[in-house]
Amino acid sequence: MSERGAPPAFHVLAKPTGAACNLACAYCYFLEKERLYPGSDFRMSEEILEAFIGQYIRAQRVPEAVISWQGGEPTLMGLDFFRRSVEIAQEKAPRGMRVSHTLQTNGMLLDDAWCEFLCEHGFLVGLSVDGPRELHDVYRRDKGGGGTFERAERAARLMQRHGVDFNVLCAVSAANAVHPLEVYRFFRDGLGVEWIQFIPIVERVNRDGSTLLQQGDTVTGRSVDPAQWGDFLIAVFDEWVRRDVGKMFVNYFEAAAASWTGAGTAMCITDETCGRALALEHNGDLYACDHFVEPDYLLGNIMETPMFELVSSDVLRRFGEDKRDSLPLCCRECEVLFACRGECPKNRFLRTPGGEEGLNYLCRGYKAFFTHAGPVMRVMADLLRKGRYADEIMDIVKARDDALRDAFAGAGRNDPCPCGSGRKYKHCHGK
Ligand code: SF4
Ligand code: SF4
Ligand code: SF4
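Residues numbered from 1 in each chain as written. Chains lettered and ligands numbered in written order. Predicted model: local features only at pLDDT ≥ 70, side-chain atom pairs only at ≥ 80, totals over all residues. Heavy atoms only, no water.

Caption draft 1: Just empty space enclosed by the protein, in detail. Counted by the stated rule, this structure contains one cavity of 30 Å³ or more. Lining the largest cavity are 13 residues, with C331, C334, C340, G342 and C363 positioned closest to its centre. Counting residues per element, the ones that place at least two in the lining of the largest cavity are α11 (329–332), α12 (337–340) and α13 (363–385). At three residues, the largest contribution of residues to the lining of the largest cavity is made by α13. For the lining of the largest cavity, a count of residues per class yields nine nonpolar, two polar and two charged. (1 Å grid on protein atoms, 1.4 Å probe; cavity = no way out; pocket = protein on both sides within 12 Å on 5 of 7 lines; lining within 4 Å. Points joined across faces, edges and corners; volume = space filled by probe spheres on them. Helix = DSSP H or I, 4+ residues; strand = E, 2+ residues; numbered from the N terminus. Nonpolar A, V, L, I, M, F, W, Y, C, P; charged D, E, K, R; others polar.)

Caption draft 2: Main features of the site of ligand 3. Around ligand 3, the surrounding shell consists of C330, C331, C334, V336, L337, C340, G342, N360, C363 and K367. Those elements giving two or more residues to the shell around ligand 3 turn out to be α11, α12 and α13. (Near = heavy atom within 4 Å.)

Caption draft 3: Representation of the layout of surface pockets. Space inside the second largest pocket adds up to approximately 540 Å³. Around the second largest pocket, the lining is made up of 23 residues, and of these F292, Y297, F319, D322 and P345 lie nearest the centre. No other element matches the six residues that helix α10 (residues 314–325) contributes to the lining of the second largest pocket. Tallied by class, residues from the lining of the second largest pocket come to eleven nonpolar, four polar and eight charged.

Caption draft 4: Structural context of the nonpolar core. Grouped together as the largest cluster of nonpolar side chains are 123 residues, with contacts concentrated most on F52, W69, F187, F198, W229, W240 and L286. The dominant element in this core, judged by the number of residues it contributes, is α13, at nine residues. In this structure, W229 is in contact with V172, F198, P200, V224, Y252, L362 and Y366, ignoring residues within four places of it in sequence. Among the nonpolar cores identified, the runner-up in size contains eight residues, and A20, F42, A279 and V293 belong to it. (Core = buried A, V, L, I, M, F, W, Y, C linked by side-chain atoms within 4.5 Å. Buried < 20%, exposed > 50% of the residue type's maximum accessible area, 1.4 Å probe, protein only. Contact = heavy atoms within 4.5 Å.)

Caption draft 5: Layout of the site of ligand 1. Within the structure, ligand 1 sits among C21, L23, C25, C28, L31, G72, N106 and R140. Among the residues making up the shell around ligand 1, the classes are represented as five nonpolar, two polar and one charged.

Caption draft 6: Structural context of the side chain of D290. If you trace the backbone, D290 turns up in the loop between β9 (285–287) and β10 (298–301). There is a polar contact of 3.4 Å between the side chain of D290 and the side chain of Q70. Among all residues touching D290, those that are not within four sequence positions of it are L13, K15, Y29, F30, Q70, A277 and A279. (Polar contact = N/O pair within 3.5 Å; in protein donor to acceptor, adjacent residues only side chain to side chain.)

Caption draft 7: Layout of the pattern of salt bridges. Per the stated rule, a full pass over the model turns up 28 salt bridges. Of the charged contacts in the structure, one is a salt bridge between R98 and E64, with a shortest N-O distance of 3.0 Å. Of this pair, R98 sits in strand β3 (residues 98–105) while E64 sits in strand β2 (residues 64–69), placing them 34 residues apart in sequence. Residues E150 and R133 are paired through a salt bridge, measuring 3.1 Å at the closest nitrogen-oxygen approach. (Salt bridge = Lys/Arg side-chain N within 4 Å of Asp/Glu carboxyl O.)

Caption draft 8: Structural view of helix α5 (residues 149–162). Taking 1.5 Å as the rise per residue, α5 with 14 residues should run 20 Å; its terminal C-alpha atoms sit 20 Å apart, in good agreement. Every buried residue of α5 is accounted for by F149, A152, A155, A156, L158 and M159. Close packing links the buried residues of α5 with α3 (112–120), β4 (124–128), α4 (133–139), β5 (165–172) and α6 (180–191). (Expected span 1.5 Å × (residues − 1).)

Caption draft 9: Representation of the environment of S85 in the model. Relative to the assigned elements, S85 resides in helix α2 (residues 79–92). We classify S85 as buried; its relative accessible area is 1%. Each C-alpha atom of the pair S85 and V219 lies 38 Å from the other, and the pair is 134 residues apart in sequence. Other than its neighbours up to four places away in sequence, S85 contacts L49, I53 and W69.

Caption draft 10: How the structure looks around the environment of D225. Within the fold, D225 resides in the loop between β6 (195–200) and α7 (226–243). When the C-alpha atoms of D225 and A235 are compared, they prove to be 15 Å apart, with ten residues separating the residues in sequence. Here A227 takes part through its backbone nitrogen, which lies 3.0 Å from a polar atom of the side chain of D225.

Have a look at this one:
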């Protein structure tokens, strides 16, 4: 095995506490992974920590490495573990390499000492919040069943006070998907964050009733409905494109802009192939992806096989290429394939109208969103290509809105609708 097949750069989400967490969110896809490691103490040893950071840094063939911590809840390891991780990274990084750190957390344990540390070392923190209290607390509960909103909000305020760089990770579920503007405005105006990552909740029910594996074609009632998902993205997009471009950053909109300009996407789900976002368990087991921490996708253990060999493996290459090669015909012929890419393979469990397997459960939502956003994205991409600013799109959209409003005001009931739908005004915007 050689490092020839390894990607020049890849990401590893390291889980120092495995699936262990101090919360019990109803939609958590990770808590059940405890069953994969019976009897484990779910704590990454210093030996594995050192091996992980050393091997990871050595395997990067770019002058940059991002050490990413995730869970379960990584802060359960305690601050000293992360102090040590930064020290090791400083020791191992070759001259000229830029090392940065990220931490995904529910925020429950953050205090002044944590925030000082995170700020000092420039960690980018992802804080899980699902919207205002009444929406956040529906599924994000502690082990006693209590709501966690207050503690998450407190963590956000604390990080703001200390100048910690953080964004919000919002799981979009059946509970908050129908309140897109409430959620978005809460983040913007209530919490005062600029970066939002939305993640759709799609939980597949396995034959034994669990949600441990990516198996089965029924989803839990907590999962977002495909049409709701599209409506959610569209509603937030319509607000963003009229007032927040250049001020608020939403993962899906940034990725869409990259697709329309032809720049590479930063989101694996809208990338053509997978295999560059792996997951490392607390005991050194390396998996093909955070969403496939399952026995079939275990590449090996970094204490037995060096990481660069594991990422060069045919198993990972096939896993990555399958994303592109297993697309059903309706995706391959889809007008928005370049932006959607059939999304994440974990969600591809529907049959197409023609009976082919592998259609994404969220297809309807993505098609609606990308079709809706496309005309605006095309104009925005054009602005950027001409060396102008993306936020100029807001004036263009406003001028278009004003013109349409005037045209609606002057339209007769039987006239063609000014929006260009081809229907009569009375059957369209004049209803
Ligand atoms: S905080 Fe994260 S890891 Fe913990 S239960 Fe909630 S979703 Fe799962
Ligand atoms: S399987 Fe899904 S989450 Fe994993 S790398 Fe591929 S697109 Fe990303
Ligand atoms: S919108 Fe639907 S058909 Fe088009 S690429 Fe995405 S999943 Fe496939």
